[in-house]
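# Tertiary structure, described
Read off the chains here:
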Amino acid sequence: MCNEKQQSYDLLKKDKVTIIPESKGPKCTWCGVCVSTSVLLVLLVLVMAALAAGPLHAQCSVKWTLSVPCMNVSSLLVAQINEWETEDCPGKSQKCLYSLVAVGDNELLATHTTPLMKFVDDIKFTFNSREKDNCEVLGQSVSRSWYAILDSGTNYCNMYNLMNGSGLRLTPGFNEYTTDSNCTQYSTAKLYLDE
């Protein structure tokens, strides 16, 4: 009886009229949209949970301590950035396309452009001298691409390559502190570095 047509007579015109009764169940005009939205929300929650182990945007924060004066650390990083401003990248490396943006007393700003896809990452080093011949360096590299979530450790490598290429990684008292929770795919990047 739910969707059956009923016939009736219009007494004024004496014509047959077909009446389709309204459904007594819930109207489901938006059911498909609701189900689709629910599925998308569940998928979004699952993706967010999977990414909860790291930043939600491709970036990396690292702290280094070195037994070298901060002025020397800054000078070595500036020299390395200037050396790698070239567009000629050796092999498949990322040791090129760096650009020095600004140098201050306690801060250095640079960018790195990936050779293949031309993504740009902003790099910032902040220098803190607690003792005369020691330096604490806070490094941060952040992808400019708003949609970048995973980066295969590229933001970590942006800074690691500078620390390694400048020779700072081999200096006395060199220590590095970071984790996957504040450096996108840090563990993945460490597997492929030229130690």
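This text follows the structure it describes.
Below is a summary of the structure that appears in this document. (Residues numbered from 1 in each chain as written. Predicted model: local features only at pLDDT ≥ 70, side-chain atom pairs only at ≥ 80, totals over all residues. Heavy atoms only, no water.)

### Focus: the pattern of salt bridges
Taken as a whole and assessed by the stated rule, the structure comprises five salt bridges. Here Glu136 ties to Lys63 by a salt bridge, and the two come within 3.5 Å at their closest N and O atoms. In this pair, Glu136 is assigned in strand S7 (residues 135–143) and Lys63 in strand S3 (residues 59–66), connecting sequence segments 73 residues apart. Overall, the relative accessible area of 31% leaves Lys63 in the partly exposed class. Across the pair Glu176 and Lys190 runs a salt bridge whose closest N-O atoms are separated by 3.8 Å. With Glu176 in strand S8 (residues 175–177) and Lys190 in helix H4 (residues 186–190), this pair connects stretches of sequence that are 14 residues apart. Residue classification places Glu176 among the partly exposed residues on the basis of a relative accessible area of 23%. (Salt bridge = Lys/Arg side-chain N within 4 Å of Asp/Glu carboxyl O. Helix = DSSP H or I, 4+ residues; strand = E, 2+ residues; numbered from the N terminus. Buried < 20%, exposed > 50% of the residue type's maximum accessible area, 1.4 Å probe, protein only.)

### Points about the packing of aromatic side chains
Applying the stated criterion across every chain yields a total of six aromatic pairs. When the centroid spacing of 5.8 Å and the interplanar angle of 35° are considered together, the rings of Trp84 and Tyr98 count as tilted. In this pair, Trp84 is assigned in the loop between helix H2 (70–83) and strand S4 (98–103) and Tyr98 in strand S4, connecting sequence segments 14 residues apart. We note that Trp84, like Tyr98, is buried. Look at Trp146 and Tyr147: their rings are 5.4 Å apart centre to centre, the planes differ by 90°, and that puts the pair in the edge-to-face class. The class for Tyr147 is partly exposed, based on a relative accessible area of 48%. An aromatic cluster is built from Phe119, Trp146 and Tyr147, whose rings are joined through pairwise contacts. It is Lys63 that lies over the ring of Tyr177; its NZ or CZ is 5.6 Å from the centre. (Phe/Tyr/Trp six-rings, centres within 6.5 Å; stacked < 30°, edge-to-face > 60°. Lys NZ or Arg CZ within 6 Å of the ring centre and 35° of its normal.)

The values reported here are purely geometric and, on their own, carry no functional implication.
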